[in-house]
Structures are given as structure tokens and as C-alpha cells.
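One-letter residues, chain by chain:
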Amino acid sequence: MIEVIVVPKPPIADDVRARVVELIREGMPRNAIAREVSIAPSTVSKIAADEGLSFDRANQTASATAARQHDMKVRRLELIDELMSKAADHLVAIDQPVTVFNFGGKDNTYEERTLDRAPSGDLLNLHRAASLALKDARDLIRDDDDQGVAEAESMLMNLILELGLHEDE
């Protein structure tokens, strides 16, 4: 007859148990929790059952979706800020002196001159670039439906109109 000796496993330390409960409540998946605290996934499940918690994937999906939407909103706000900054840079450049140059020719020479303003074609391109940046910022603002969007859009539209960047009728 073979005698089997069952050695009881040591109890889970209170700090490990508390960390597991915390991670479950944060929505972390079972196997990820097991890896994080170096215990078996079945132990994580047992702790969850003892605490009346579950690994509800619907809640995890909803939380992940909400977090992603928040992250995308933050990124849109960063892009709006960058676009507004670029538009302002282009508008400032319209009235700045510019250095123009010519390189080459039969003698392979280099010449440069500083003009009070950019040539008219460059001014038009700066104007268009500023207009496009402002319109792109306005479109990103429209993507958000939170309070204050209408106010921000109105401010942006007023800026566009004041700068004369609106499309002609």
C-alpha cells in the first residue's frame, strides 16, 4: 500500500491577498494578476470567490473602452493645441522678414537677400497652411460632445473669421 502524505500549502499572506483583491477590483485579468503576485491562477480565483468578486469581462471591456475613449480625447486635445500653435506660427511668419537664396547657374554661385516679407506665393501658402490647421482643429473639436465644445468652437470660428481664413461664399 502506498501512503500519500498531503502537505498543506502555506496560507496566502495578507498583503498578497489584499493586492489580489485590489487588482481584481481594478479589472485586471486573472492570469495577469497571478503573474503579478506570483501565485497560481486558481488561487486568484479562490481569493476572488472568497471576497465575492468575479472576473466580469463585460465590465472589463466597458472599463477598457472608457479608458481608451478618454486617452483618445486627451490626444485630440493635444492635437488641437498643436494645430492652433502651428496656425499661429504660420500667421506670424506672414509678416516676418525672409531670406531668399539662389544657388547654381553656370558659375555655380550662391546669392542671398533678405526681404521685408516673403514672396506672394509663399504668403499664400502660409495663409493656406494656417487656414487648414485652424479648420482641422475645429473638426477635432466637433468630435467631442462634452460641455464647452460649443464655446470652444465658437471662439475658434470667431478667430477664423477675424483672420479672414473662412471660405468665400
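Up top is the structure.
For clarity, every value in this text was computed on a predicted model and none was experimentally measured.

Q: Which parts of the structure should I look at to understand the overall build of the protein?
A: The helix and strand tally for the protein stands at six helices and two strands. Traced from its N-terminal end to its C-terminal end, the protein shows the element sequence α-α-α-α-β-β-α-α. The contacts in the protein between residues at least 6 apart in sequence include a share of 47% that link residues at least 24 apart. For the protein, the accessible surface area stands at approximately 12,700 Å², while carbon and sulfur atoms represent 53% of it.

Q: Hey, could you run me through the pairing of strand β2 (residues 109-115) in this one?
A: Two strands pair when backbone bridges link them, and strand β1 (residues 98-104) and β2 are joined in this way by seven bridges, in the antiparallel orientation. Paired with V100 across the bridge in β2 is R113. In textbook terms, the turn of a hairpin is the stretch between consecutive antiparallel strands, and for β1 and β2 this stretch comprises four residues, one of which, G105, has a positive phi near 85°.

Q: Hey, could you run me through the nonpolar core in this one?
A: Side chains of nonpolar character tend, in soluble globular proteins, to be buried together. Core analysis: the largest hydrophobic core is formed by 11 residues, namely V20, V21, L23, I24, I33, A34, V37, I39, V44, I47 and A48. Elements with a minimum of two residues in this core: α1 (14-26), α2 (30-37) and α3 (41-50). If we ignore the near neighbours within four places in the chain, the residues touching I33 are V20, L23, I24, M28, V44 and F55. Within the second largest apolar cluster, 10 residues are counted, among which are A130, A133, A137 and I160.

Q: Please clarify how the packing of α1 against α2 should be interpreted in this entry.
A: What describes two packed helices is the angle between their axes and the distance between those same axes. Where α1 meets α2, the axes come as close as 10 Å, and the angle between the chain directions of the two elements is 150°. In this view, α1 runs roughly antiparallel relative to α2, as classed from their interaxial angle. The crossing of α1 and α2 is right-handed. Residue-level contacts link V16, R19, V20, L23 and I24 of α1 to I33, E36 and V37 of α2. When grouped by side-chain class, the residues that make up the contact of α1 with α2 number six nonpolar, no polar and two charged.

Q: Would you mind showing me how to read the pattern of salt bridges here?
A: Proximity of charged atoms lets side chains of opposite charge pair with each other. Counted under the stated rule, the structure contains seven salt bridges. Put simply, R19 and E36 hold a salt bridge, and the shortest N to O gap is 3.3 Å. Highlighted residues: R19 in helix α1 and E36 in helix α2, separated in sequence by 17 residues. Classification of R19 by relative accessible area gives partly exposed; the value is 30%. The class for E36 is partly exposed, based on a relative accessible area of 44%. For R117, the salt bridge identified is with D95, shortest N-O distance 3.7 Å.

Basis of the calculations
Residues numbered from 1 in each chain as written. Predicted model: local features only at pLDDT ≥ 70, side-chain atom pairs only at ≥ 80, totals over all residues. Heavy atoms only, no water. Helix = DSSP H or I, 4+ residues; strand = E, 2+ residues; numbered from the N terminus. Contact = heavy atoms within 4.5 Å. Areas by Shrake-Rupley, 256 points an atom, 1.4 Å probe, with all protein chains shown as cover. Pairing = 2+ DSSP bridges. Core = buried A, V, L, I, M, F, W, Y, C linked by side-chain atoms within 4.5 Å. Buried < 20%, exposed > 50% of the residue type's maximum accessible area, 1.4 Å probe, protein only. Axes fitted to C-alpha atoms, helices over the stretch in contact; angles between N-to-C directions. Parallel < 35°, antiparallel > 145°, perpendicular 65-115°, else oblique. Left-handed = near helix turned anticlockwise from the far one by under 90°. Nonpolar A, V, L, I, M, F, W, Y, C, P; charged D, E, K, R; others polar. Salt bridge = Lys/Arg side-chain N within 4 Å of Asp/Glu carboxyl O.

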